[in-house]
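Residues per chain are reported as follows:
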Amino acid sequence: MTQDEIDRLALEAALEQAIKSRAEGGIPIGSALVSPAGEVVARGHNLRVQQGDPTAHAEMACIRAAGRRRDWHTLTLASTLSPCAMCSGTAVLHRIPRVVIGENQTFQGREDWLKASGARVRVLNDARCVALMREFIAARPDLWNEDIGVPPEA
């Protein structure tokens, strides 16, 4: 399997998770971890609304689902949206060497941290990921702002 095929497989698994979160009434962001052989080892979607947990971002849910591992340094992390500071920091902590991002047009996370740590970052600018977030942000700007830490207007 080529790296391009692994990246696309990882994004497809993440996109399935984003759609699942939307169906549950949550924020439509998904994530997946994939081995160098192309095996999806974990999946996760944003559960912040569903669980009332401000740390339950898609990447965090995915990394939790992966459990205890010693092979983080071999995995590819995919996310439908550019990872925030918390999620980027977790990827850096575990030395995940490759991060595939569905899109970063609607939100620019801490890709700079990932790159500074030596991770290879690939932004696919997937039209489905962009549309999913644009539709959600237009429909629920209050919930989106809550998710990314924007305080309500006074």
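Further up the page is the structure itself.
Below is a short write-up of the structure. Quick caveat, the model's predicted, so the values are computed rather than measured.

A word on the overall build of the protein chain
Of regular secondary structure, the protein chain possesses 7 helices and 5 strands. The linear arrangement of helices and strands in the protein chain, starting from the amino end, is α-β-β-α-α-β-α-β-α-β-α-α. If you line up the protein chain on its principal axes, its C-alpha atoms span 45 × 25 × 25 Å. Considering the protein chain as a whole, with its 154 residues, one finds that 49% of them fall into the buried category. Intrachain contacts of the protein chain at a sequence separation of at least 6 include 55% that bridge at least 24 residues. Split by element, the accessible area of the protein chain, about 7,500 Å² in all, is 52% carbon and sulfur. A gap of 6 Å separates the mean positions of the 18 positive and 19 negative side-chain charges of the protein chain.

Observations regarding the pattern of salt bridges
The full count for this structure, using the stated rule, is 11 salt bridges. Residues Arg-48 and Asp-147 are paired through a salt bridge, measuring 2.5 Å at the closest nitrogen-oxygen approach. Of this pair, Arg-48 sits in helix α2 (residues 48-51) while Asp-147 sits in helix α7 (residues 141-148), and the two are 99 residues apart along the sequence. Of the two residues, Arg-48 and Asp-147, both sit in the buried class. Between Arg-69 and Asp-71 there is a salt bridge, with its nearest N and O atoms 2.7 Å apart. Put simply, Asp-4, Asp-7, Arg-8, Arg-98 and Arg-122 are held in one network by salt bridges that share partners.

Conventions adopted
Residues numbered from 1 in each chain as written. Predicted model: local features only at pLDDT ≥ 70, side-chain atom pairs only at ≥ 80, totals over all residues. Heavy atoms only, no water. Helix = DSSP H or I, 4+ residues; strand = E, 2+ residues; numbered from the N terminus. Buried < 20%, exposed > 50% of the residue type's maximum accessible area, 1.4 Å probe, protein only. Contact = heavy atoms within 4.5 Å. Areas by Shrake-Rupley, 256 points an atom, 1.4 Å probe, with all protein chains shown as cover. Lys, Arg positive; Asp, Glu negative; His and termini not counted. Charge placed at Lys NZ, Arg CZ, Asp CG, Glu CD. Salt bridge = Lys/Arg side-chain N within 4 Å of Asp/Glu carboxyl O.

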